[in-house]
Amino acid sequence: MNEIICPNCSKAFKVDEAGFAAIVKQVRDHQFEEELANRLTLAEKEKESAIQLAIVNTKNALQEELAQKEQQLSEALTAKALERSQMQSQMSHAETQKKLEISEATKAIERERDKLKHDLEIKETEKKLLEKSIKEKYTTQLLMKDEEIDRLKDFKQKLSTKMVGETLEQHCEVEFNKLRATGFQHAYFEKDNDSRGGTKGDYIFRESDEEGNEIISIMFEMKNESDKTSTKKRNEDFFAKLDKDRRDKGCEYAVLVSLLESDNAFYNTGIVDVSYKYPKMYVVRPQFFIPIITLLRNAAMNSMEYKAELNLMRNQNIDITNFEEKINIFRKGFARNYDLASKQFNKAIEEIDKSIKNLQKTKETLLSSENNLRLANNKADDLTIKKLTRGNPTMKAMFDGLKGD
């Protein structure tokens, strides 16, 4: 048994081994718990101190880093502010420059606008003056035209039908004579006075080249009538006679110069081709009298080269034909002489075989045969290139070419 004194009341009591062990355990557990609590408290304090220290250190570090960041940010903001200030300055300068350029461009456009406006006003004034001038001019011309029309009407009323026609003929003749010396040196333009075929045209135009080859020929008929004529003629009424006159006088073309049917739009268009009714026939107003001659003449001039080539080919064919005819004549003559000689020679041989008595007669026959052979031989010897090509320039040129080769 163990004796234990109570620390509070100082009394002694006894406990057995088990009780003592339990008490010791309680004491130990209590001390351990206190020690543990103390240690935990200390550890908690240390932990709190460490945390506080860590917080302080972290805060200091963050403050330092924040200060650095703030400094960097401040520097950056300062740079950005400077850059922005520079950009604003540049923008302000650019804006000022742009406004200045716009102002200058606007002023230039305004000056151009004012100039164009001024020019337009001048043009408008010129236009009005021109219109006024043209109006006055054509008013004057219309008055003169009306007076001329009245004068012509009065003049036509005083003319007979024959005189009206002769006036148109004289007009065409005068127009032609104006150009005769310069444009128609080799041309013939005269009245048709040959009425052997029963009728005659008004004028015949013929033109030849310097060698006398005809280039073109035209039969002209001029038709006019007075405004007071009761029975109005048509252009078509004269086509048949004009075509007959063209063929009778050997002309290539027929042209009716007409003032008939003055309101007919078909004949007022210019040069009217009526070859669908009669070959190579045209109807023109007087103002187209010279142009129709020039038109047909130019077309004929263009075809002259082809006509010359055609004539050359035709002449060459004639030359070759003549040469062949001469050869055939020679062949026939030679063959005829040879046949005669051959027959006579054979007859002589037969006569010799029949009888010596006829020898003299045979001799004469042989002599005759010899004479025919001589003639044939002479013809053959006399047949020279020069004689064969006489009057045949084509064959002569061919043989001369062979000699040159």
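What counts, and at which threshold
- Residues numbered from 1 in each chain as written.
- Predicted model: local features only at pLDDT ≥ 70, side-chain atom pairs only at ≥ 80, totals over all residues.
- Heavy atoms only, no water.
- Helix = DSSP H or I, 4+ residues; strand = E, 2+ residues; numbered from the N terminus.
- Buried < 20%, exposed > 50% of the residue type's maximum accessible area, 1.4 Å probe, protein only.
- Contact = heavy atoms within 4.5 Å.
- Areas by Shrake-Rupley, 256 points an atom, 1.4 Å probe, with all protein chains shown as cover.
- Pairing = 2+ DSSP bridges.
- Axes fitted to C-alpha atoms, helices over the stretch in contact; angles between N-to-C directions.
- Phe/Tyr/Trp six-rings, centres within 6.5 Å; stacked < 30°, edge-to-face > 60°.
- Lys NZ or Arg CZ within 6 Å of the ring centre and 35° of its normal.
- Core = buried A, V, L, I, M, F, W, Y, C linked by side-chain atoms within 4.5 Å.
- Salt bridge = Lys/Arg side-chain N within 4 Å of Asp/Glu carboxyl O.
- Polar contact = N/O pair within 3.5 Å; in protein donor to acceptor, adjacent residues only side chain to side chain.
- Arc of directions from axis to C-beta.

Asker: Outline the overall build of the protein chain, supporting the account with residue identities and numerical values.
Answerer: When its secondary structure is counted, the protein chain shows seven helices and eight strands. Counting across all 405 residues of the protein chain, residues that qualify as buried make up 20%. Long-range contacts, defined here as pairs at least 24 residues apart, represent 57% of the contacts in the protein chain between residues at least 6 apart. When the accessible surface of the protein chain is totalled, it reaches about 30000 Å², and 56% of it is carbon and sulfur.

Asker: I'd love a proper account of the sheet that holds strand S3 (residues 187–191), names of residues and values included.
Answerer: The strand order S3-S4-S5-S6-S8-S7 describes an open sheet built from six strands, whose pairing is mixed. The sheet is open, and its two edges are formed by S3 and strand S7 (272–273), each paired on a single side. Of the pairings in the sheet, the one linking S7 to strand S8 (residues 281–284) comprises two bridges and is antiparallel in character. The residue bridging Val272 from the neighbouring strand is Val283, located in S8. Contacting strand S5 (214–223), strand S6 (253–258) and S8, helix H3 (residues 239–248) runs over the sheet at an angle of about 150° to S5.

Asker: For the packing of aromatic side chains, give the residues involved together with the corresponding values.
Answerer: Within this structure, the stated rule accounts for 11 aromatic pairs. Judged by centre distance (5.9 Å) and plane angle (90°), the rings of Phe184 and Phe205 are edge-to-face. With Phe184 in the loop between helix H2 (161–183) and S3 and Phe205 in strand S4 (residues 203–208), this residue pair connects regions lying 21 residues apart in the sequence. Each member of the pair, Phe184 together with Phe205, is buried. On the numbers, 5.0 Å between centres and 70° between planes, the contact of Phe266 with Tyr267 is edge-to-face. Judged by its relative accessible area of 38%, Phe266 is partly exposed. With a relative accessible area of 7%, Tyr267 lands in the buried category. Ring-pair connections join several aromatic residues into one group, and the members of that group are Phe176, Phe184, Phe189, Tyr203, Phe205, Phe220 and Phe289. In this structure, Lys280 is placed above the aromatic ring of Tyr253, and the distance from its NZ or CZ to the ring centre is 5.3 Å.

Asker: Please give an account of the nonpolar core that cites residues and values.
Answerer: Phe205, Ile218, Phe220, Met222, Val255, Phe289 and Ile293 are the most contacted members of the largest nonpolar core, which has 25 residues in total. Where this core is concerned, the elements lending two or more residues are H2, S3, S4, S5, S6, S8 and helix H4 (289–354). Sort the elements by how many residues they give to this core and H4 lands first, with seven residues. Non-local contacts of Met222, meaning those with residues more than four positions away in its chain, are made with Leu168, Glu169, Cys172, Phe189, Asp202, Tyr203, Val257 and Phe289. Cys251, Leu256, Tyr267 and Val283 belong to the second largest nonpolar core, which has 12 residues in total.

Asker: Hey, could you go over the pattern of salt bridges for me, with residue numbers and the actual values?
Answerer: Summed over all chains, the structure comprises 17 salt bridges. For Lys241, the salt bridge goes to Asp245, with nearest N and O atoms at 2.8 Å. Here Asp245 and Lys241 lie together in helix H3, a separation of four residues that amounts to about one turn.

Asker: Just give me the short version of the side chain of Arg246, but keep the residues and values in it.
Answerer: Topologically, Arg246 is positioned in helix H3. Discounting residues that sit within four places of it in the chain, Arg246 has contacts with Met219, Cys251, Glu252, Tyr253, Ala254 and Pro279.

Asker: I'd love a proper account of the side chain of Ser258, names of residues and values included.
Answerer: Along the chain, the position of Ser258 falls in strand S6. Among the residues examined, Ser258 registers a relative accessible area of 0% and is labelled buried. In terms of polar contacts, Ser258 uses its side chain to reach the side chain of Asn235, at 2.4 Å. In this structure Ser258 touches Lys223, Asn235, Val283, Val284, Arg285 and Pro286, once residues within four positions along its chain are discounted.

Asker: Hey, could you go over unusual backbone geometry for me, with residue numbers and the actual values?
Answerer: In this structure, Glu261 takes a positive phi of about 50° despite not being glycine. In this structure, Glu261 sits in the loop between S6 and S7. Backbone geometry places Lys280, a non-glycine residue, at a positive phi of 50°. Structurally, Lys280 can be placed in the loop between S7 and S8.

Asker: Tell me about the pairing of S8, residues and numbers included.
Answerer: Because side chains alternate across S8, one face comprises the buried residues Met281 and Val283, and the other comprises Tyr282 and Val284, equally buried. Pairing between S6 and S8: four bridges, direction parallel. The residue of S8 that forms the bridge with Val257 is Val284.

Asker: I'd like a rundown of H3, residues and numbers included.
Answerer: Within H3, burial applies to Phe239, Leu242, Asp243, Asp245 and Arg246. Viewed end-on, H3 has its buried residues packed into an arc of 160°, placing them on one side of the element. Packed against the buried residues of H3 are S5, S6 and S8. The positive-phi residue at the C-terminal boundary of H3 is Gly250, with phi of around 65°.

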